[in-house]
Amino acid sequence: MAEPRVLFCASEMTPFAKTGGLADVAGALPPALKRIGVDVHCVLPLYGVIDRNACGIAPAGKGFTVKLDIGQENFTLHRADREGVPVHLLECDHLFDRGGLYGEKSCDYPDNCRRFALFSLACLELADYLGLDPDIVHVHDWQTALIPVYMRTRRRSRARSLLTIHNLAFQGIFPPGEYHWTGLDWSLFDWQKLEYYGKVNFLKGGIVYADAVSTVSPAYAREIRRTESGCGLEGVLVEKGDRLCGILNGIDPRDWDPATDVHLPARFSAGDLAGKQACRALLMKEAGLAPTPHPLLGTVGRLTEQKGLDILLPALATLLGEGCPFVILGTGDAAYEAELRKLARLFPGRLGLFLAFDNRLAHLIEAGCDMFVMPSRFEPCGLNQFYSMRYGAVPIVRATGGLADSVAPWTPGDPRAGTGFAFSEYTPAALLAACREAIAVFADKDAWLALMRNGMQQDVGWSRSAENYRALYRSLVESGELMP
Ligand code: ADP
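Residues numbered from 1 in each chain as written. Predicted model: local features only at pLDDT ≥ 70, side-chain atom pairs only at ≥ 80, totals over all residues. Heavy atoms only, no water.

**Student:** How should the overall build of the protein chain be read in this particular structure?
**Tutor:** Each helix and strand counted, the protein chain has 16 helices and 21 strands in total. What you see for the protein chain is a C-alpha radius of gyration of 23 Å, in line with the 23 Å of a compact globule of 484 residues. Projecting the C-alpha coordinates of the protein chain onto the three principal axes gives extents of approximately 70 × 45 × 40 Å. The buried share of the protein chain, taken over its 484 residues, is 58%. Of the roughly 19,100 Å² that the protein chain leaves accessible, carbon and sulfur atoms contribute 52%. When the 49 positive and 56 negative side-chain charges of the protein chain are each reduced to one mean point, those points stand 1 Å apart. (Helix = DSSP H or I, 4+ residues; strand = E, 2+ residues; numbered from the N terminus. Rg over C-alpha atoms; globule rule 2.2 N^0.38 Å. Buried < 20%, exposed > 50% of the residue type's maximum accessible area, 1.4 Å probe, protein only. Areas by Shrake-Rupley, 256 points an atom, 1.4 Å probe, with all protein chains shown as cover. Lys, Arg positive; Asp, Glu negative; His and termini not counted. Charge placed at Lys NZ, Arg CZ, Asp CG, Glu CD.)

Below, the structure is given as structure tokens:
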């Protein structure tokens, strides 16, 4: 069959604009799809924070007007290229020329409902304006989740829609007084469609109206059907049946490869691990850690409950007390930062603490650590476990979401089988037991080397994911009926 034509609509995309993992997916997946022959066009708001020159963005025409009953907006066209994929950037300064993407100083912009409803409509307008005639419109998270709704209500599109959920915790919930900005009929403000406890919920609308919904790992796709993990949307997710699936993310080996990494003092690979020692030595020095025979543990990420900080803190105190060195890089909740500062004062030379966002240091921690700890409460996919496997920092993870799908637990007696250590129960004791198991295996150098090499040789690039998305696109094109 002919390759499907795809319109890929996202609110962030590397290298243009990023607040989280969605940007990495939107930056890497379209080029990977293009490499296997899929015809993809991307659409993105032209935010004020985007560096137009650095990103090679050029004006591409006067554009079009999006009309709603309560007003209209003009969108001017700009264009860039991402490894052969056209990226259309829609300019509308009073909506997007601001200091942030969704808000500033932890405060959302008060007109986000209007901003992203209009952007969603503009994506479909763009497809008509350029005559793209897509077979698939692939949208991401709440910011573009109204697109499937518009496709079935305002516009009668022939294309199929796929909504990918990168984190169900963010849904785009607004007071009913904002609903008029969607331009949608009030008959859709219904508990089976867009209404959610008296408010309008963009993500819920997208789930109901999309022809298919995907998440970023198969395990997370199963977990979010349950009350404990469904963030209030488990009902509509269950209704999706086999139209809800999970496709694991990949990583970009051009940014994350210890054999070529420009952020490291020395490079290394599964075949030649010598450079890892130099990385470890530099990391120990920068973190102010005293020499030790113990393995070096570390973690990088947001210091929030999602990332398991409430179970990490007690386990960390015990490990440090037993002489284990640990490095932490992250920013997040003030209370967790304060607890970590206290531990760093209690254990000088043992806990290296960096309360910052620092990409070079994130690379050095992956390269210099023996083990990388990710005790997440929930994890749609996660990226750091892929990086740590690739960099020979054996992951110790809670078996949830993408962590469960990507880390194969070590099996005693069969070192070739595993890539890390996993625990299930969300408790400090379970985390501690997994760390102790890893530390015990570390003492067996042959087993440890086998574990490291298993992880380093995993195929974690984007091509596998791109094949899965293409298969999903094809099945949608071939399926007869449309939602809902
Ligand atoms: P999230 O839920 O935050 O998206 P992921 O593991 O999917 O978690 O991705 C987070 C990304 O951000 C990783 O590439 C990680 O290395 C990076 N990161 C997080 N915190 C920091 C930090 N303080 N400094 C540098 N990089 C960070």
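**Student:** Even after reading the chapter, I still don't get the sheet that holds strand β19 (residues 371-374), so can you show me in this structure?
**Tutor:** Strand pairing within a sheet occurs via backbone hydrogen bonds; the two strands may be parallel or antiparallel. Judged by pairing direction, the sheet is parallel, and its 6 strands sit side by side in the order β18-β17-β16-β19-β20-β21 without closing on themselves. Two strands close off the open sheet at either side, each with one partner strand: β18 (351-354) and β21 (421-423). When the angles between neighbouring strand axes are averaged without regard to direction, this sheet yields 15°. The pairing of strand β20 (residues 394-398) with β21 spans 3 bridges and is parallel. Within the sheet, the bridge partner assigned to I396 lies in β21 and is F421. This element, helix α9 (residues 309-321), spans β16 (297-300), β17 (326-329), β18, β19 and β21 of the sheet and lies at about 150° to β17. (Pairing = 2+ DSSP bridges. Axes fitted to C-alpha atoms, helices over the stretch in contact; angles between N-to-C directions. Contact = heavy atoms within 4.5 Å.)

**Student:** Teacher, can you tell me more about the pairing of β17 here?
**Tutor:** Look at any regular strand and the pattern is simple: side chains alternate between the two faces of the sheet. Side-chain alternation along β17 places F326 and I328 on one buried face and V327 and L329 on a second face that is also buried. In this fold, the crossover linking β16 to β17 by way of α9 has right-handed handedness. Sheet topology note: the β17/β18 ladder contains 4 bridges and is parallel. Bridge assignment links L329 to a residue of β18, and that residue is F354. In the classification by handedness, the crossover that spans β17, the intervening helix α10 (residues 334-346) and the parallel β18 is right-handed. (Right-handed = clockwise from strand over helix to strand, strands pointing away.)

**Student:** Before we go on, may I ask you to explain the packing of α9 against α10 in this structure?
**Tutor:** Relative orientation and spacing of two packed helices are given, respectively, by the angle between their axes and the distance between those axes. At a minimum axis distance of 11 Å, the contact between α9 and α10 shows a crossing angle of 5°. Comparing the axis directions of α9 and α10 gives the class roughly parallel. Of the residues in α10, those in contact with L309, D310, L313, L316 and A317 of α9 are Y336, E339, L340 and L343. (Parallel < 35°, antiparallel > 145°, perpendicular 65-115°, else oblique.)

**Student:** What is the right way to look at helix α11 (residues 359-368) in this model?
**Tutor:** Judged by how many residues are buried, α11 sits mostly within the fold: 8 of 10 residues are covered. Listed as buried for α11 are L361, A362, H363, L364, I365, E366, A367 and G368. In this fold, the buried residues of α11 make contact with α8 (274-286), β16, β17, β18, β19 and α12 (384-390). Regarding α11, its N-cap is D358, as a side-chain oxygen of that residue lies 3.2 Å from the backbone nitrogen of R360 further along. (Polar contact = N/O pair within 3.5 Å; in protein donor to acceptor, adjacent residues only side chain to side chain.)

**Student:** Would you take a moment to explain the site of the ligand for this structure?
**Tutor:** Taken together, the neighbourhood of the ligand is formed by 15 residues, with R302, K307, A356, D358 and L383 sitting nearest. In this structure, A356 approaches the ligand through a main-chain N or O atom, which is 2.7 Å from a nitrogen atom. Take N384: an N or O atom from its side chain is 3.1 Å from an oxygen atom of the ligand. Coverage of the ligand by the protein chains reaches 87% of its 560 Å² of free accessible surface. In terms of residue class, the shell around the ligand is made up of 7 nonpolar, 5 polar and 3 charged. (Near = heavy atom within 4 Å. Nonpolar A, V, L, I, M, F, W, Y, C, P; charged D, E, K, R; others polar.)

**Student:** Please clarify how the state of the cysteines should be interpreted in this entry.
**Tutor:** By definition, a disulfide links two cysteine residues through a covalent bond between their sulfur atoms. Tallied over the entire structure, the rule returns 0 disulfides. C9 takes part in no disulfide bond, and the closest cysteine sulfur to it belongs to C123, at a distance of 3.9 Å. Free of any disulfide, C55 has its nearest cysteine sulfur in C42, 14 Å distant. (Disulfide = S-S within 2.5 Å.)

**Student:** Please explain the sheet that holds strand β13 (residues 199-201) as it appears in this structure.
**Tutor:** Taken together, 3 strands build an open sheet; the order of strands is β11-β13-β12 and the sheet is antiparallel. Of all strands in the sheet, those bounded by a partner on one side alone are β11 (173-174) and β12 (195-196). Here β12 runs beside β13; their pairing, made up of 2 bridges, is antiparallel. Residue pairing in the sheet places Y196 in a bridge with K199 of β13.

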